[in-house]
Amino acid sequence: MGFGVSALGYQLGEEVPVLDVAAEYTDDMERVRTYASRFMHRSAPGVGLTDLSYEATRKALDGAGVRAGQIDLLVLAVTDLTEYLYWDAAASLLHRLGADGAEAVLLTQACSSGVAGFDLVAGKFATHPEYRTAVVVAASRVAEPYWNRLETGAGCFSDGAVAAVVRRDHDELRWRAGEITTDGTHVDFFRLEAGGAAVPFGTPEAAAAPPRVGGIEDVKAYFANDTERISAFGTHAREQYRLVVERACKRAGIGFDDLHRLLLPFDNQPAMSGLISALGFPPERTNLALAADYGHLGAADPLFALAREAESDTLRRGDHVALAAVGRGMSWACALFEV
C-alpha cells in the first residue's frame, strides 16, 4: 500500500510586520525583538478556522484536478479551538466542500496534528482498500479571547491553513513512514482552567479562573523557576524530536543524514536555531529562514514549508523530506516523504 501527495494548497491571514503590531499584545517589546521574526499573519474578524481550511482545500483540489465528490477521507488537524464547542469542524468542512458521504476525522493535539494526519491516512488506506483519495488539512486560527499571539507561547502565532490531496498509488511525494511518541508527564501545559466539564462556564470557579491560557511565565512557574529542570525538559524535547525522525528514517531504510530536508515548527529564530543545532542538521536544509516571515502556523507549519518547497522547485526525484512537530500531549510526530 502506497500513497503520495498530488497537490498542496494554502490560505493565510493578512501579513503584518511583527514589530508594528506587537504593542497590541505585549509590553515586552525587547523580548519580541529577540524573536527575530519579521512578519506574522492575522485573519480578519469573522474569518474562522474552517473558512481558512475551505479555501486551502479548494486550492489543493483544483491543483490535483480532483472533485470534492471523489474524496473518501478528510482529516482536519487543528491547533486552537474551532468556531464552536460541541461541534465537529471536520464534518462541517466536508459538508461545505460538497463531500458528504466521505469519512471525516478531527485531530486536536495541536501542533503535531498536521504531521500525525498522514499516519492516520496510512492506517485508513490499509483497512479500507476502496479508499483512493484523502485530504489532510492542517489549520491554525488563534482564538483571541483565550490565547495571546505574543504572550502565550515563545513566538508569534499566525492564522493559516494548508491542505494536501493524497492519492493511493500516486508516485510523487510518496509517504514512506510515520512515527509518533507521546509523553503525558506535562499534559497540563497550556490548559485553560475554565470552560470544561471540571470547571464549567457560568460557575463561580470559572469566573475566578484566568480568562486566558497561561503564558511563558506560567510554564516557568510549573517548573518552580528551576533552571535545571527547565533545561532538562528542553533537552528531553529535543531528544524526542530526534527519536521520531530517526525511527521514521529506519522504517524507510535510510539514515538521518540521508534526509534532504527537515521541516520543523516555525518557532522564534533563536529557539529554532537551537533545536536544529541540537539535532545536528544543516540549517540551510531546514525551514529556518522561512519561519521568520510567517510566524507560527501551529499544526500547519511543516506542511506549509513542504508546500513552499514544492512551489520553489527545490526538491528532486529521490530526495527524502521529513516533517516533524510537537503538540499537546505532549506528542512528537514525524512524516517521511520521498520526492
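Here's what I pulled together on the structure shown here.

The rules we used
Residues numbered from 1 in each chain as written. Predicted model: local features only at pLDDT ≥ 70, side-chain atom pairs only at ≥ 80, totals over all residues. Heavy atoms only, no water. Helix = DSSP H or I, 4+ residues; strand = E, 2+ residues; numbered from the N terminus. Polar contact = N/O pair within 3.5 Å; in protein donor to acceptor, adjacent residues only side chain to side chain. Contact = heavy atoms within 4.5 Å. Patch = residues over 30% accessible without salt bridge, like charges linked within 9 Å, V, L, I, M, F, W, Y side chains within 5 Å. Areas by Shrake-Rupley, 256 points an atom, 1.4 Å probe, with all protein chains shown as cover. Salt bridge = Lys/Arg side-chain N within 4 Å of Asp/Glu carboxyl O. Axes fitted to C-alpha atoms, helices over the stretch in contact; angles between N-to-C directions. Parallel < 35°, antiparallel > 145°, perpendicular 65-115°, else oblique. Left-handed = near helix turned anticlockwise from the far one by under 90°. Nonpolar A, V, L, I, M, F, W, Y, C, P; charged D, E, K, R; others polar. Core = buried A, V, L, I, M, F, W, Y, C linked by side-chain atoms within 4.5 Å. Buried < 20%, exposed > 50% of the residue type's maximum accessible area, 1.4 Å probe, protein only. Pairing = 2+ DSSP bridges. Phe/Tyr/Trp six-rings, centres within 6.5 Å; stacked < 30°, edge-to-face > 60°. Lys NZ or Arg CZ within 6 Å of the ring centre and 35° of its normal. Expected span 1.5 Å × (residues − 1).

Describing the side chain of Thr 79
Alright, step 1. With respect to the element layout, Thr 79 can be found in the loop between β4 (73-78) and α4 (89-97).
Alright, step 2. A distance of 2.8 Å separates a polar side-chain atom of Thr 79 from the backbone nitrogen of Ala 299.
Alright, step 3. Ignoring anything within four residues of it in the chain, the contact list for Thr 79 reads Ala 110, Cys 111, Ala 139, Ser 140, Leu 297, Gly 298, Ala 299 and Arg 328.

Brief notes about a nonpolar patch on the surface
Alright, step 1. Taken together, the side chains of Leu 81, Leu 85, Tyr 86 and Phe 201 define a hydrophobic patch exposed on the protein surface, amounting to about 520 Å² of accessible area.
Alright, step 2. Assignment of secondary structure puts Tyr 86 in the loop between β4 and α4.

Side note on the packing of helix α3 (residues 49-64) against α4
Alright, step 1. Closest axis-to-axis distance for the α3/α4 pair is 10 Å, and the angle between their directions is 50 degrees. Classified by the angle between their axes, α3 and α4 sit oblique to one another. Seen along the crossing, α3 lies across α4 with a hand that is right-handed. Contact with α3, carried on its side by Thr 50, Asp 51, Ser 53, Tyr 54, Thr 57, Arg 58 and Leu 61, involves Ala 89, Leu 93, Arg 96 and Leu 97 of α4 and no other residues of that element.
Alright, step 2. Residues that form the contact of α3 with α4 fall into these classes: five nonpolar, three polar and three charged.

Regarding the nonpolar core
Alright, step 1. Residues Phe 118, Val 121, Val 166, Val 245, Leu 259, Leu 262 and Leu 264 are the most contacted members of the largest nonpolar core, which totals 72 residues.
Alright, step 2. If one sorts the elements of this core by residue count, helix α8 (residues 227-252) sits on top with eight residues.
Alright, step 3. Setting aside residues up to four positions removed in sequence, Leu 264 forms contacts with Tyr 241, Met 272, Leu 275, Ile 276, Leu 279, Asn 287, Asp 301, Pro 302 and Ala 324.

Re the environment of Val 339
Alright, step 1. Considering the arrangement of structural elements, one finds Val 339 in the segment after β11 (331-338).
Alright, step 2. Measuring from C-alpha to C-alpha, the distance between Val 339 and Val 5 comes to 9.5 Å, with 334 residues separating the pair along the chain.
Alright, step 3. When sequence neighbours within four positions are dropped, the list of residues in contact with Val 339 reads Leu 173, Leu 315, Arg 316, Arg 317, Gly 318, Asp 319 and Val 321.

Section: the pattern of salt bridges
Alright, step 1. For the structure on display, the rule yields 24 salt bridges.
Alright, step 2. The shortest N-O distance in the salt bridge between Asp 62 and Arg 58 comes to 3.2 Å. Taken together, the positions of Asp 62 and Arg 58, both in helix α3 and four residues apart, correspond to about one turn of that helix.
Alright, step 3. Here Asp 62 falls in the exposed class, since its relative accessible area comes to 54%.

Description of the pairing of strand β10 (residues 320-327)
For a regular strand, the rule is simple: side chains alternate between the two faces of the sheet.
Alright, step 1. Most of β10 is tucked away: eight of the eight residues are buried.
Alright, step 2. A two-sided burial pattern is seen for β10, the buried positions comprising His 320, Ala 322, Ala 324 and Val 326 on one face and Val 321, Leu 323, Ala 325 and Gly 327 on the other.
Alright, step 3. As paired elements, strand β9 (residues 261-263) and β10 share three bridges and run parallel to each other. Each bridged residue has a counterpart across the sheet, and for Arg 261 the counterpart in β10 is Val 321.
Alright, step 4. In the sheet, β10 pairs with β11 via eight bridges, with the strands oriented antiparallel. Considered in β11, the bridge of Ala 324 is made with Cys 334.
Alright, step 5. Counted along the chain from β10 to the antiparallel partner β11, the turn is three residues long, and its residue Gly 329 has a positive phi close to 145 degrees.

Concerning the environment of Tyr 222
Alright, step 1. By the secondary structure assignment, Tyr 222 is in helix α7 (residues 216-222).
Alright, step 2. Beyond its immediate sequence surroundings of up to four residues, Tyr 222 is in contact with Thr 185, His 186, Phe 189 and Arg 229.

Examining the packing of aromatic side chains
For any pair of aromatic rings, the description rests on two quantities: the centre-to-centre distance and the angle between the ring planes.
Alright, step 1. The tally for this structure, following the rule as stated, stands at 16 aromatic pairs.
Alright, step 2. Where Phe 189 meets Phe 223, the ring centres are 5.9 Å apart and the plane angle is 75 degrees; that geometry is what we call edge-to-face. On the criterion of sequence distance, the pair formed by Phe 189 in the loop between β8 (174-182) and α6 (204-208) and Phe 223 in the loop between α7 and α8 is long-range, its members being 34 residues apart. There is no split in this pair, since Phe 189 and Phe 223 are both buried.
Alright, step 3. Through pairs of rings, three or more aromatic residues link up here, namely Trp 147, Phe 157, Phe 189, Phe 190, Tyr 222, Phe 223 and Phe 233.
Alright, step 4. Sitting above the plane of the Phe 125 ring, Arg 168 keeps its charged end 4.7 Å from the centroid.

Thoughts on unusual backbone geometry
Alright, step 1. Here the residue pair Gly 329 and Met 330 is connected by a cis peptide bond, since its omega of 0 degrees sits within 30 degrees of zero.
Alright, step 2. Of note, Met 330 is situated in the loop between β10 and β11.

Notes on α8
Alright, step 1. Between its first and last C-alpha, α8 extends 38 Å over 26 residues, near the 38 Å set by a 1.5 Å rise per residue.
Alright, step 2. By the burial criterion, the buried members of α8 are Phe 233, Gly 234, Ala 237, Gln 240, Tyr 241, Val 244, Val 245, Ala 248, Cys 249 and Ala 252.
Alright, step 3. Against β8, β9, α9 (269-279), β10 and β11 lie the buried residues of α8.
Alright, step 4. Between a side-chain oxygen at the N-terminus of α8 and the backbone nitrogen of Glu 228 the separation is 2.9 Å; the capping residue is Asp 226.
Alright, step 5. Immediately downstream of α8, the backbone of Gly 253 shows phi near 80 degrees, a positive value.

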